[in-house]
Structures are given as C-alpha cells and as structure tokens.
Amino acid sequence: MREHSDIVIAGGGPVGTTLALLLADSDFSIQVLEARADLSRPAHRRTLALSYGSRLILERLGVWTGLSEVTPITTIHISQRGGLGMAWLRAEEEKLPALGYVLDYAELDAALHARLRDSNVSIVTGARVDEVRAASGYATMKVNRGSDITPVTARLAVVADGGDGSAQRISRDYDQHALIATVTAELAHNGCAYERFTSDGPAALLPQGDGFALVWTASPAQVQALLALPDAEFLEALHQHFGDRVGRFLNVAQRASFPLGLRYAARATRPHTVMIGNAAQMLHPVAGQGFNLGLRDAWELAARIRTSTRVALGSAAMLADYSSARRLDTRGGIFFTDFLVRVFSNDNSLLHHGRSIGLAALQMLPPVKRFVARRMIFGVRG
Ligand SMILES: Cc1cc2nc3c(=O)[nH]c(=O)nc-3n(C[C@H](O)[C@H](O)[C@H](O)COP(=O)(O)OP(=O)(O)OC[C@H]3O[C@@H](n4cnc5c(N)ncnc54)[C@H](O)[C@@H]3O)c2cc1C
C-alpha cells in the first residue's frame, strides 16, 4: 500500500472496480483499497439487473465477453394484481438486442477483478478505509489493515464502499422486505421479465438461466412467514400471488430476505472526496435502477478525471462539474423508483384506477412507452 497516490478508490466492488478500469490507462497513480481479504468471496449474494447502457460500459472495458452466465431480457411485462391494464416493453421496438440482462453479482465481480489484475492499477485487499477527511489540498484516510491503522492521502478519495461507511444520509424506510430466491416454472421464460405490482409491494420474476430470479416484496411479517413455508407451500403461494403467466412453479432454492429502503447522500461530494455507486444512493430494487446508476456514476467521474490536471484533481470546480453532470440522472432514478414503490404499493381505490389507466396508456401510447423504455435502458439522458 502506498502512503500517497493521486486517486484512492475506497471499495473494490463492481462500481469501484469499474472506475479503476476506466482510468487504468491514465497518467494518475491509483490504488483501490478493498476491505475483503479474499476477493474470491463476493461481498454480496444477489442477482443484478443490468441495463443495455451498462452493457455498453462493460463492453468498453473488455469485461462483457468474459461473462458466461448472462440472460438477456428481451421483453418486460408489467401488470398489477386485481386490476386492468398491462403493458409490454419489447427490445425489438427499441431496435436493440435486449432491454437488459440478468447476471450473478459474484460472476461480474470476479470478471472485473480478473481484468483489474491485468491492468496497471493496484488493489490492496484486507484494507478497510475507516475515515475520510479533507485536509488542505488532499483527502486523508485511516486505513485499517487488522493489525495496524495506516494514514493514507490522495488528491481525490472516491468512496465506493456500497454504503458501509458513515456518510450522512437521507433515508426512507418502506416498511417492506424483499424475499429473493431462484425458481423454476412450467413454462419457459423466452427472455421475458415480469414486473407485477400488488398492494403488498412489487414482485419481479427475472429470466435467469433456465429459471427465474425472484424478488418478492411484502411486509416484514409476510416475508418472514414466506421464508418459513415448506417449498411446496411456498411455490403455491407464489402461484397465487403471480398468477398463471409462467404456469405452476416447480422448484425454489436460495430463499433469503433483506429490508428495503431508500438512502442517499444529501451531497455526494466533499472537498477532495466523492461518493459513487451504492455509497451515494441505495434504491429499492423495483425498477432495477440502482446498479446501473452506480455504473453511470463511475463513467461520468472517469470522464471528469481524465480531463483534469493533477493539481485540479478533487478541486471544488472539478467536483461541482461532476455533481452537476450527475444531478438529473441521480434525482431522476431516485424519484422514479420512489414513485413506483409509493404509488403502486397500496390499496387506495383512486390510485388503483389511476394505475390501470397508466398501464393502458403505457401500452397504447408509443411515445410514452418509448420514454419509459429509454429511461430504464440509458437513464434520464436516454
Ligand atoms: C440488499 C440489496 C439488494 C440488492 N438487490 C439488487 C438486485 O436485485 N438487482 C440489482 O440490480 N441491484 C441490486 N442491488 C443493488 C446492487 O447490489 C448495488 O447497486 C451494487 O452492489 C453497487 O455496487 P457498489 O460497488 O457500489 O457496492 P458494493 O457491491 O456493496 O461493493 C462495495 C465494496 O466495497 C467494499 N467495502 C465496504 N466497506 C469498505 C471500506 N470501509 N473500505 C474498503 N472497502 C470497503 C466491500 O467489500 C465491497 O467489495 C441491491 C442492493 C442491496 C443493498
């Protein structure tokens, strides 16, 4: 570990590693400090929903072709339980090979680290950044390596720790938990992702391999009860909840749950410091926006760094430029996700009719459909 470098990236998850790779051929000295001692153990067990725009970033890094277990989403079917109106978004209507992709977090993490090993950027494992402070012209960090605490400085500290740090955050608790699992069903998915809104919360079936990745949101008590059900009863409950679109459900594995909320930094920049990815914003998974926003953070920050001089790295002007480039996309992603969760997760009869009309409009008005599809694929600038 070096005591000083131009850029320190605190957190070698997918977003921090993507930034490191985007900057690998720059003239700046860069080190990634990663809390995990063993990179073969992923930080999380989860399925990621990648937009087509994120694919383009991973292609640019030469990571995409190394991923073997990627399932394309060619259609998204949106419906609400107990209501009229449904909508289909299709890749062919957007003239794209896919609207998005489903892949395992661990596989993406491993592919990014394999690429990083071939680059000039060094990654220090077992190095937890415990504190980041601004000093005159620098950021100073305390790096905990288990046996010692080492001070490290950088012109720019990029916090990409997934939100583990203590940065001040605005938060909203949705009083919902997500149950995640992998399931198989009678009918093939044919690349279709199903998004179903219910008064308990949204549920999604994402095509993955021969089966589906399930994200079922409900109250914490309901999720606990679902976790405790024997497999056969769970599969029957899922059928009741989801309807008959993919026939009966046959198998379930890897059931787990986590609480859902919205957390984001009031300001993602401080002098000589910037937060990106989940460190900057942690969203409800309903529209699969969180990870894609994080990759776009890395993309825009890399663009600002590449055109910066060494002296201007982390300066107020550079960080203000980055913040203004990200503001619309970040706020749009937060608003869109929060809106979906709050408007679609209740029994209010007026809203129920409004939702039916909204889904019918989405289906029947091509410009509206195109707007929503482009937003999900490329973010607010789509
Ligand atoms: C509970 C949950 C479920 C999710 N489910 C989905 C989903 O179904 N689909 C989807 O698309 N997205 C999902 N997301 C979002 C997705 O996981 C994140 O967008 C993505 O992981 C963000 O990547 P990241 O690199 O910013 O953070 P992370 O993936 O969290 O990586 C952070 C990295 O920093 C390291 N680290 C942590 N603290 C420190 C420190 N102090 N110093 C140094 N290193 C540190 C960690 O070991 C890790 O390697 C979910 C998020 C959460 C919280």
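Everything in this summary refers to the structure shown in the same document. The structure presented is a predicted model; accordingly, all values stated were derived computationally and were not measured. (Residues numbered from 1 in each chain as written. Predicted model: local features only at pLDDT ≥ 70, side-chain atom pairs only at ≥ 80, totals over all residues. Heavy atoms only, no water.)

### Quick look at the overall build of the chain
Within the chain, the secondary structure is distributed over 9 helices and 19 strands. Every one of the 382 residues in the chain was classed for burial, and the buried ones make up 52%. Residue pairs in contact within the chain that sit at least 24 positions apart in sequence constitute 73% of those at least 6 positions apart. (Helix = DSSP H or I, 4+ residues; strand = E, 2+ residues; numbered from the N terminus. Buried < 20%, exposed > 50% of the residue type's maximum accessible area, 1.4 Å probe, protein only. Contact = heavy atoms within 4.5 Å.)

### A few points about the sheet that holds strand β4 (residues 71–73)
Spatially, the 3 strands line up as an open sheet ordered β3-β7-β4, and their pairing is antiparallel. Bordering the open sheet on either side are β3 (47–51) and β4, each of which pairs with just one other strand. Put simply, the sheet's adjacent strands are angled 30° from each other on average, direction ignored. Bridge count for β3 against strand β7 (residues 100–104) is 5 bridges, and the pairing is antiparallel. The residue of β7 that forms the bridge with Ala 49 is Val 102. Across the sheet, helix α2 (residues 52–60) lies against β3 and β7, angled at about 90° from β3, the strand it touches most. (Pairing = 2+ DSSP bridges. Axes fitted to C-alpha atoms, helices over the stretch in contact; angles between N-to-C directions.)

### Here's the deal with the environment of Ser 26
By the element assignment, Ser 26 lies in the loop between α1 (14–22) and β2 (30–34). Polar contacts involving the side chain of Ser 26 include one to the main-chain amide nitrogen of Phe 28, which spans 3.4 Å. (Polar contact = N/O pair within 3.5 Å; in protein donor to acceptor, adjacent residues only side chain to side chain.)

### Brief notes about the packing of α2 against helix α6 (residues 290–306)
As a packed pair, α2 and α6 sit with axes 10 Å apart at the nearest point and diverge in direction by 45°. The orientation of α2 with respect to α6, classified from their angle, is oblique. Here the hand of the crossing between α2 and α6 comes out left-handed. Contacts from Ser 54, Ile 57 and Arg 60 of α2 reach α6 at Asn 292, Leu 295 and Trp 299. A per-class count over the contact of α2 with α6 returns 3 nonpolar, 2 polar and 1 charged. (Parallel < 35°, antiparallel > 145°, perpendicular 65-115°, else oblique. Left-handed = near helix turned anticlockwise from the far one by under 90°. Nonpolar A, V, L, I, M, F, W, Y, C, P; charged D, E, K, R; others polar.)

### Examining the pattern of salt bridges
Counted under the stated rule, the structure contains 14 salt bridges. The partner of Asp 6 in a salt bridge is Arg 310, with the nearest N and O atoms 3.0 Å apart. Of this pair, Asp 6 sits in strand β1 (residues 4–10) while Arg 310 is found in the loop between α6 and α7 (316–344), placing the two residues 304 residues apart along the sequence. Residue classification places Arg 310 among the partly exposed residues on the basis of a relative accessible area of 39%. The partner of Asp 329 in a salt bridge is Arg 296, with the nearest N and O atoms 2.6 Å apart. Taken together, the positions of Asp 329 in helix α7 and Arg 296 in helix α6 put the pair 33 residues apart, joining distant regions of the chain. Residue classification places Arg 296 among the buried residues on the basis of a relative accessible area of 12%. Taken together, the salt bridges that share partners define one network made up of Arg 296, Asp 297, Arg 326 and Asp 329. (Salt bridge = Lys/Arg side-chain N within 4 Å of Asp/Glu carboxyl O.)

### Let's talk about the nonpolar core
Grouped together as the largest cluster of nonpolar side chains are 46 residues, with contacts concentrated most on Ile 7 and Ile 276. Residue contributions to this core peak at 6 residues, all from α6. Filtering out sequence-adjacent residues up to four positions away, Ile 7 remains in contact with Leu 23, Phe 28, Ser 29, Ile 30, Gln 31, Ala 154, Leu 156, Val 158, Ile 305 and Leu 313. One finds Ala 185, Ala 203, Phe 242 and Phe 249 within the second-largest nonpolar core, a separate group that totals 21 residues. (Core = buried A, V, L, I, M, F, W, Y, C linked by side-chain atoms within 4.5 Å.)

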